[in-house]
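# Notes for the structure review
Chain residues, written in single-letter form:
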Amino acid sequence: MDGTVLDLRFDNLFWLEALPRHWGAARGLTEQEALAQLKPRFDARRGTLEWYCIDHWSAELGFDIAALKSALRAEIRYLPGAVAFLDHVRALGKRTLLTTNAHPISLAIKNGQTGLGRHFDELLSSHEFGVPKESPRFWARLAESHGVDPATTLFVDDSAAVVAAACSAGVASVYHVLQPDSTRPPHPPAEGCAGVLRLGDLLD
């Protein structure tokens, strides 16, 4: 979801600017001082389900993460080309699932702001499966619960670790989005089975 169909600018804004500013202000810290304290905590949880969990960070930081996300929801936007791509896939009659590591509360806020649900048959949070998309167990649980056959699936993501996990799970077509944040330069492509996706590519 984030960095694949929605612009990752919102998440970068939230975690690297807004949260340090508000959390720091409550503790008499500057934004940069707060970020210096928060970043090691973030890095220690990166790639785990807790990294994506609003409940975890609200308890860990003593701060209402959901309230701040909701207050900033006007900043949530689609990536350029994402809506056209999704409309094209829907017009082909394909089953479309959004699988995201986002906490269900985050998913609800973003769906409420953008209407993501109209583009997909289902919106699924990895929190429902108990493992993040970086885990090889994610695809097994998705297959069991939703009948997703990796051998006939097209999967798109912006995370190199998630892309690698999809490749290892035998997903037939894996594409890596290289510019998840429209305000930042592209990052290098993942090594391995994934192709590179610019959202207009599959419209041709």
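One can find the structure itself at the top, above this paragraph.
Quick summary incoming for the structure in this document. If you're wondering where the values come from, they're calculated on a predicted model, not measured in any experiment. (Residues numbered from 1 in each chain as written. Predicted model: local features only at pLDDT ≥ 70, side-chain atom pairs only at ≥ 80, totals over all residues. Heavy atoms only, no water.)

### A look at the packing of helix 2 (residues 31-45) against helix 3 (residues 54-61)
Just so we agree on the cut-off: Axis geometry follows a simple rule: fit a line to the C-alpha atoms, using only the stretch in contact for helices, then measure angles between N-to-C directions, giving values from 0 to 180 degrees. The helix count covers DSSP runs of H or I at least four residues long, the strand count covers runs of E at least two residues long, and both are numbered beginning at the N terminus. We call a crossing left-handed when the near helix sits turned anticlockwise from the far one by less than a right angle, and right-handed when that turn is clockwise. Every residue pair with non-hydrogen atoms within 4.5 Å of one another is taken to be in contact. Basically, the charged four are Asp, Glu, Lys and Arg, the nonpolar ten are Ala, Val, Leu, Ile, Met, Phe, Trp, Tyr, Cys and Pro, and anything else, Gly included, counts as polar.
Where helix 2 meets helix 3, the axes come as close as 13 Å, and the angle between the chain directions of the two elements is 145 degrees. Crossing hand, helix 2 versus helix 3: right-handed. Listed contacts from helix 3 to Leu-38, Arg-41, Phe-42 and Arg-45 of helix 2 are His-56, Trp-57, Glu-60 and Leu-61. Of the residues in the contact of helix 2 with helix 3, the class split is 4 nonpolar, 1 polar and 3 charged.

### A closer look at the nonpolar core
To keep it simple, the criterion reads: As used in this record, nonpolar core signifies buried Ala, Val, Leu, Ile, Met, Phe, Trp, Tyr and Cys residues forming a set joined through side-chain atoms within 4.5 Å. Exposure categories follow from relative accessible area, calculated using a 1.4 Å probe and restricted to protein chains: below 20% of the type maximum is buried, above 50% is exposed, and the middle band is partly exposed.
Membership of the largest hydrophobic core comes to 17 residues, with the highest contact counts inside it found for Met-1, Val-5, Leu-6, Leu-98 and Leu-116. Looking at this core element by element, the count peaks at 4 residues for helix 5 (residues 82-91). Setting aside residues up to four positions removed in sequence, Val-5 forms contacts with Tyr-78, Leu-79, Ala-82, Leu-86, Leu-98 and Leu-116. Judged by nonpolar contacts, the second largest core, of 16 residues, contains Phe-42, Trp-51, Leu-61 and Leu-68.

### Digging into helix 2
It helps to recall that an α-helix has 3.6 residues per turn; residues three or four apart then point in one direction. Let me state the cut-off plainly: Expected helix span is taken as 1.5 Å per residue step, with the number of steps being one fewer than the number of residues. Each residue is assigned a bend, namely the angle between axes fitted to the seven residues that terminate at it and the seven residues that start at it.
An ideal rise of 1.5 Å per residue puts 21 Å on 15 residues; helix 2 measures up with 21 Å between its terminal C-alpha atoms. Maximum bend of helix 2: about 30 degrees, positioned at Leu-38, with proline Pro-40 one to four residues after it. Within the sequence span of helix 2, burial applies to Ala-34, Leu-35, Leu-38 and Phe-42. For helix 2, the elements touching its buried residues are helix 1 (9-25) and helix 3. Of the residues trailing helix 2, Gly-47 is marked for its positive phi of about 85 degrees.

### Concerning the packing of aromatic side chains
As a reminder of what qualifies: Between the rings of Phe, Tyr and Trp (Trp by its six-membered ring), a pair exists once the centres lie within 6.5 Å; its type follows the angle of the planes, with under 30 degrees stacked, over 60 edge-to-face, and the other angles tilted.
Counted under the stated rule, the structure contains 12 aromatic pairs. Between the aromatic rings of Trp-15 and Phe-42, the centroid separation amounts to 5.4 Å while the plane-to-plane angle is 85 degrees, which identifies the pairing as edge-to-face. Here the residue Trp-15 occupies a position in helix 1, and Phe-42 occupies one in helix 2, the gap between them amounting to 27 residues. An aromatic cluster is present here, built from Phe-10, Phe-14, Trp-15, Phe-42, Trp-51, Tyr-52 and Trp-57 joined pairwise through their rings.

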